[in-house]
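Survey of secondary and tertiary structure
Residues per chain, in single letters:
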Amino acid sequence: QVRLVESGGGLVQPGGSLRLSCVASGFTFSAYTMRWYRQAPGKERELVAGINGVAGVTNYLDSVKGRFTISRDNAKNTVYLQMNSLKPEDTAVYFCNAYRPWVSPATIWGQGTQVTVSS
């Protein structure tokens, strides 16, 4: 069964940190680009960070550069998002995504984990 399961969300004060984890199963994890998206209430889902499967090349949304770090452990089928210096505008549901074109399934989504930044 193809599956992505996120964890690590919660309530944190501004300036705090959280580490999100996403555990994959049912597909060849190392062959997929892994991404974190987020969706705030009333807003469209946006790409926060991505990391490819082999070289580990990363990319980030401009507003999180220098604060968030995406990483992966292919031996554990897990991708992480370390979030530091959190701001209220980071509040959203964070989704894990796996992507690999020209195969089936080409894209896989997790169920999401809520991150709330508030004092």
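Please read all numbers here as calculations on a predicted model, not as lab measurements. (Residues numbered from 1 in each chain as written. Predicted model: local features only at pLDDT ≥ 70, side-chain atom pairs only at ≥ 80, totals over all residues. Heavy atoms only, no water.)

1. A word on the nonpolar core
- Ranked by internal contacts, the top residues of the largest apolar core, which has 29 residues, are Leu4, Met34, Trp36, Val79, Leu81, Met83 and Tyr94.
- Secondary-structure elements contributing two or more residues to this core are strand 3 (18–25), strand 4 (33–39), strand 5 (46–51), strand 7 (68–73), strand 8 (78–83), strand 9 (92–99) and strand 11 (113–117).
- Those residues in contact with Leu4, other than ones at most four positions away along the chain, are Cys22, Val23, Ala24, Phe27, Met34, Cys96, Asn97, Ala98, Ile108, Trp109, Gly110 and Gln111. (Core = buried A, V, L, I, M, F, W, Y, C linked by side-chain atoms within 4.5 Å. Buried < 20%, exposed > 50% of the residue type's maximum accessible area, 1.4 Å probe, protein only. Helix = DSSP H or I, 4+ residues; strand = E, 2+ residues; numbered from the N terminus. Contact = heavy atoms within 4.5 Å.)

2. What to know about the pairing of strand 4
- Both strand 4 and strand 9 contribute to a ladder of 7 bridges, which runs antiparallel. When the sheet's bridge partners are listed, Tyr37 is paired in strand 9 with Phe95.
- As consecutive antiparallel partners, strand 4 and strand 5 are separated by 6 residues, and within that stretch Gly42 has a phi angle of approximately 75°, a positive value. (Pairing = 2+ DSSP bridges.)

3. Considering the packing of aromatic side chains
- All told, the structure shown has 3 aromatic pairs when counted by the stated rule.
- With 4.9 Å between their ring centres and 65° between their planes, Phe27 and Tyr32 make a pair best called edge-to-face. The same class applies to Phe27 as to Tyr32, namely buried.
- Sitting over the ring of Tyr80, Arg19 keeps its end group 4.0 Å from the ring centre. (Phe/Tyr/Trp six-rings, centres within 6.5 Å; stacked < 30°, edge-to-face > 60°. Lys NZ or Arg CZ within 6 Å of the ring centre and 35° of its normal.)

4. Some remarks on the layout of surface pockets
- Empty space within the largest pocket amounts to approximately 230 Å³.
- Lining the largest pocket are 15 residues; nearest its centre among them are Arg38, Ala40, Lys43, Glu46 and Glu89.
- Looking at the lining of the largest pocket residue by residue, the classes come out as 4 nonpolar, 3 polar and 8 charged. (1 Å grid on protein atoms, 1.4 Å probe; cavity = no way out; pocket = protein on both sides within 12 Å on 5 of 7 lines; lining within 4 Å. Points joined across faces, edges and corners; volume = space filled by probe spheres on them. Nonpolar A, V, L, I, M, F, W, Y, C, P; charged D, E, K, R; others polar.)

5. Side note on the pairing of strand 1 (residues 3–7)
- Going residue by residue along strand 1, you find Leu4 and Glu6 tucked away on one face and Arg3, Val5 and Ser7 left uncovered on the opposite face.
- Here strand 1 pairs with strand 3 via 5 bridges, running antiparallel. By the bridge assignment for strand 3, Glu6 is matched with Cys22.

6. Some remarks on the sheet that holds strand 7
- In space, the 4 strands of this open sheet follow the order 1-3-8-7, with antiparallel pairing throughout. The two strands at the open ends of the sheet, each matched to only one other strand, are strand 1 and strand 7. Direction aside, neighbouring strands of the sheet carry axes that sit 15° apart on average.
- Of the strand pairs in this sheet, strand 7 and strand 8 are connected by 6 bridges, and their pairing is antiparallel. Its bridge partner being in strand 8, Ser71 is matched across the sheet by Tyr80. (Axes fitted to C-alpha atoms, helices over the stretch in contact; angles between N-to-C directions.)

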